[in-house]
Amino acid sequence: MIRNLPLLHEKMRHWRRHLHQFPETAFEERATAQFIADQLAGFGLNVHQGLGKTGVVATLSAGTSHKKIALRADMDALFIQEQNTFAHKSRHDGKMHACGHDGHSSMLLGAASYLADHRHFNGTVYFVFQPAEEGRAGAQQMIADGLFEQFPADCVFGMHNFPDIPAGHFAVKAGPMMASFDCFEIIITGQATHAAMPHLGNDAIIASAQIITALQTIVSRTVNPADAAVVSITQIHAGNTWNAIPDSVLLRGTFRCFERHVQQLIADKITQLVTSICAGFGVGAEIKFNPENPGYPVTLNAETETALALKAAIVVAGVDGVNLHPVPSMGSEDFAFMLQEKPGCYLWIGNGSSENSCLLHNPHYDFNDDILPIGAAFWVKLVETVLG
Ligand SMILES: [Zn+2]
Ligand SMILES: [Zn+2]
């Protein structure tokens, strides 16, 4: 079994630490993609590059079956200054693999290497390495570029490490695993005036304060209490001096939930509240949803594929090593775009308890190399299960 191959573990560790030292951010993963493509070609796989700008897809077939499975890893890093001091720390100033995508890519490379050597399956495996998971919707870009036309998988699987789950354990369930994610921007336009003469202008700041408070009633008064959701204002920009009321306020924020109809409900309610409050105060209102990047849908696991992933996870980690009832995360994941196109499953692999591993997107984070063979073993077992 792949878990007991020290040489492959050593290779995966080497790949992981190499990728960690040279992190590249969204749609700029050129050296990363080339490194991955070179390894895949070395295993004898057919490699396609350039889908979604820097995406890589490798194809491996065995036997005569027409069944096809896609396995996805992400490649991009974050704009975070690494504060670790170990030898493999980032050599790119201000950029860091703080979400473990270096580990995800290495585990999938390990599985590709093993499957190319052993081929105990019947069908086709697509190994998908996607760019720009962090907020830039690289998965959506690959789909728009024809991912599933060129590589027509029947189903698709993704895996992410998760701190605070014991190292090498898995957590997965059918239904929502991660929330949808939307950004919004509100520009309130009033009329500037002297702070001593507010009656001669129209105060956008007062209107913005009402809006901020009113938006907090969406979750408490509009969304069904049985449906989880969160609305957060994360930026307020207005004014630059003590004694003048500015003519405009810019607010920005996000909202997240687990149901598409709730997502729409929140967007509609934001529009209604902002428009009516601004009308009441006689100030202008402009609302933009997802002005810079697309929002992410809910990461929704299909029943059948989740059962298959569970089966493989239990073979690798044992019944006690698999949490069948994880609490879904209010974080979001652009693998959701792939799950909108194909039935599939997204699961978490533990990076180790919080004493030993810090949270994702933390400047002290590091992927746990001990779980590389476990994640790779899961991929192999999944392929052998789905394409048995
Ligand atoms: Zn992340
Ligand atoms: Zn991530």
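Shown above is the structure to which this text applies.
Residues numbered from 1 in each chain as written. Chains lettered and ligands numbered in written order. Predicted model: local features only at pLDDT ≥ 70, side-chain atom pairs only at ≥ 80, totals over all residues. Heavy atoms only, no water.

Engineer: Sorry if this is basic, but what is going on with the overall build of the chain here?
Structural biologist: Of regular secondary structure, the chain possesses ten helices and 16 strands. The C-alpha radius of gyration computed for the chain amounts to 23 Å, which stays within 12% of the reference 21 Å derived for 388 residues, consistent with globular compactness. Along the first, second and third principal axes, the C-alpha atoms of the chain reach 80 × 45 × 40 Å. Per-residue burial over the chain gives 53% buried out of 388 residues. Pairs at least 24 apart in sequence give 81% of the contacts found in the chain among residues at least 6 apart. Surface exposure of the chain reaches about 16400 Å², of which carbon and sulfur atoms provide 52%. Placing the 25 positive and 37 negative side-chain charges of the chain at their respective mean positions leaves the two points 4 Å apart. (Helix = DSSP H or I, 4+ residues; strand = E, 2+ residues; numbered from the N terminus. Rg over C-alpha atoms; globule rule 2.2 N^0.38 Å. Buried < 20%, exposed > 50% of the residue type's maximum accessible area, 1.4 Å probe, protein only. Contact = heavy atoms within 4.5 Å. Areas by Shrake-Rupley, 256 points an atom, 1.4 Å probe, with all protein chains shown as cover. Lys, Arg positive; Asp, Glu negative; His and termini not counted. Charge placed at Lys NZ, Arg CZ, Asp CG, Glu CD.)

Engineer: I tried to follow the coordination of the zinc ion (ligand 2) on my own but got confused; where do I start?
Structural biologist: Ideal geometry at a metal gives 109.5 degrees between four tetrahedral donors and either 90 or 180 degrees between six octahedral ones. At the metal site, the zinc ion (ligand 2) is ligated by C99 (SG), H101 (NE2) and H160 (NE2), and these contacts range over 2.0 to 2.3 Å. Spacing between the donor residues of the zinc ion (ligand 2) along their common chain follows C-x1-H-x58-H. (Donors = N, O, S within 2.8 Å, 3.2 Å for Na, K, Ca; no water.)

Engineer: Looking at this structure, how should I read the pattern of salt bridges?
Structural biologist: Two side chains carrying opposite charge are able to pair once their charged atoms lie near each other. In this structure the tally under the stated criterion is 13 salt bridges. Ionic pairing is found between R72 and D74, a salt bridge with its closest N-O pair at 3.8 Å. Both residues of the pair, R72 and D74, count as buried. Between K288 and E185 there is a salt bridge, with its nearest N and O atoms 3.7 Å apart. Of this pair, K288 sits in strand β13 (residues 284-289) while E185 is found in strand β8 (residues 180-189), placing the two residues 103 residues apart along the sequence. Residue class for K288 comes out partly exposed when judged on its relative accessible area of 34%. Bridged by salt links that share partners, the residues R16, R17, D102, D366 and D369 form one connected network. (Salt bridge = Lys/Arg side-chain N within 4 Å of Asp/Glu carboxyl O.)

Engineer: Got a minute to help me understand the coordination of the zinc ion (ligand 1) in this structure?
Structural biologist: Looking at the zinc ion (ligand 1), one finds its protein donor set to be C99 (SG), E134 (OE), E134 (OE) and H361 (NE2), positioned 2.0 to 2.7 Å from the metal centre. Coordination geometry of the zinc ion (ligand 1): the four donor atoms subtend angles of 53 to 149° at the metal centre, consistent with an arrangement described as irregular. Between the zinc ion (ligand 1) and the zinc ion (ligand 2), a separation of 3.1 Å is found, and both are coordinated by C99. With C99 in the loop between β3 (68-74) and α3 (101-118) and E134 in the loop between β4 (123-130) and α4 (138-144), this residue pair connects regions lying 35 residues apart in the sequence. Here C99 matches E134 in class, with each residue buried. (Tetrahedral: all angles 85-135°; square planar, octahedral: opposite > 155°, others 65-115°.)

Engineer: What am I meant to see in the sheet that holds β4 here?
Structural biologist: Paired through backbone hydrogen bonds, the strands of a sheet run either parallel or antiparallel to each other. Strand order in the open sheet made by the eight strands is β1-β2-β4-β3-β5-β16-β6-β15, with mixed pairing throughout. Bordering the open sheet on either side are β1 (46-51) and β15 (322-323), each of which pairs with just one other strand. Direction of pairing for strand β2 (residues 55-62) relative to β4: antiparallel, over a ladder of seven bridges. Along β4, the bridge assignment pairs T59 with Y126. This element, helix α2 (residues 30-42), spans β1, β2 and β4 of the sheet and lies at about 165° to β1. (Pairing = 2+ DSSP bridges. Axes fitted to C-alpha atoms, helices over the stretch in contact; angles between N-to-C directions.)

Engineer: How should the layout of surface pockets be read in this particular structure?
Structural biologist: The probe, sized like a water molecule, is rolled over the atoms to show the empty space still left. Here the largest pocket defines a volume of roughly 410 Å³. If you go around the largest pocket, you meet 22 residues; those closest to its centre are E134, M178, G331, S332 and H361. Within the residue set of the lining of the largest pocket, elements represented by two or more residues are β5 (155-163) and β16 (344-352). Of the residues in the lining of the largest pocket, the class split is eleven nonpolar, six polar and five charged. (1 Å grid on protein atoms, 1.4 Å probe; cavity = no way out; pocket = protein on both sides within 12 Å on 5 of 7 lines; lining within 4 Å. Points joined across faces, edges and corners; volume = space filled by probe spheres on them. Nonpolar A, V, L, I, M, F, W, Y, C, P; charged D, E, K, R; others polar.)

Engineer: Looking at this model, I keep getting lost on the packing of helix α8 (residues 303-317) against helix α10 (residues 372-386). Mind explaining?
Structural biologist: For any two helices packed against each other, the geometry comes down to the angle between their axes and how far apart the axes lie. Running from N to C, α8 and α10 point in directions that differ by 130°, and their axes come no closer than 8 Å. Taken as axis vectors, α8 and α10 run oblique relative to one another. Relative to α10, the crossing made by α8 is right-handed. Residue-level inspection shows L308, A309, K311, A312, A313, V315 and V316 of α8 in contact with α10, the latter providing I374, A377, F378, K381, L382, T385 and V386. (Parallel < 35°, antiparallel > 145°, perpendicular 65-115°, else oblique. Left-handed = near helix turned anticlockwise from the far one by under 90°.)

Engineer: Could you clarify how one ought to interpret the packing of helix α1 (residues 6-21) against α10 in this entry?
Structural biologist: Relative orientation of the contacting elements α1 and α10 amounts to 105°, with a least axis distance of 9 Å. In terms of orientation, α1 and α10 fall into the roughly perpendicular class. Contacts between α1 and α10 involve H9, M12, R13 and R16 from the former and L372, P373 and A376 from the latter. When grouped by side-chain class, the residues that make up the contact of α1 with α10 number four nonpolar, one polar and two charged.

Engineer: Is there a simple way to think about the side chain of T306 in this case?
Structural biologist: With respect to the secondary-structure elements, T306 resides in helix α8. At a separation of 2.5 Å, a polar atom in the side chain of T306 contacts the main-chain carbonyl oxygen of A302. Other than its neighbours up to four places away in sequence, T306 contacts V172, K173, A174, N301, G344 and C345. (Polar contact = N/O pair within 3.5 Å; in protein donor to acceptor, adjacent residues only side chain to side chain.)

Engineer: Sorry, what's going on with the packing of aromatic side chains here?
Structural biologist: For the structure on display, the rule yields ten aromatic pairs. When the ring of Y126 is compared with that of F151, the centres are 5.4 Å apart and the planes differ by 70°; the resulting orientation is edge-to-face. Of this pair, Y126 sits in strand β4 while F151 sits in the loop between α5 (147-150) and β5, and the two are 25 residues apart along the sequence. Exposure remark for F151: the relative accessible area of 8% places this residue in the buried category. On the basis of an interplanar angle of 40° and a centroid distance of 4.6 Å, the ring pair of F162 and W348 is categorised as tilted. One end of the pair, F162, is in strand β5; the other, W348, is in strand β16, and 186 residues separate them in sequence. The partly exposed category is assigned to F162, whose relative accessible area is 24%. Members of the aromatic cluster, each reached through a chain of ring pairs, are F170, F378 and W379. Residue placement shows K53 over the ring face of F27; its charged tip is 4.6 Å from the ring centre. (Phe/Tyr/Trp six-rings, centres within 6.5 Å; stacked < 30°, edge-to-face > 60°. Lys NZ or Arg CZ within 6 Å of the ring centre and 35° of its normal.)

Just distances and angles here, no functional claims.
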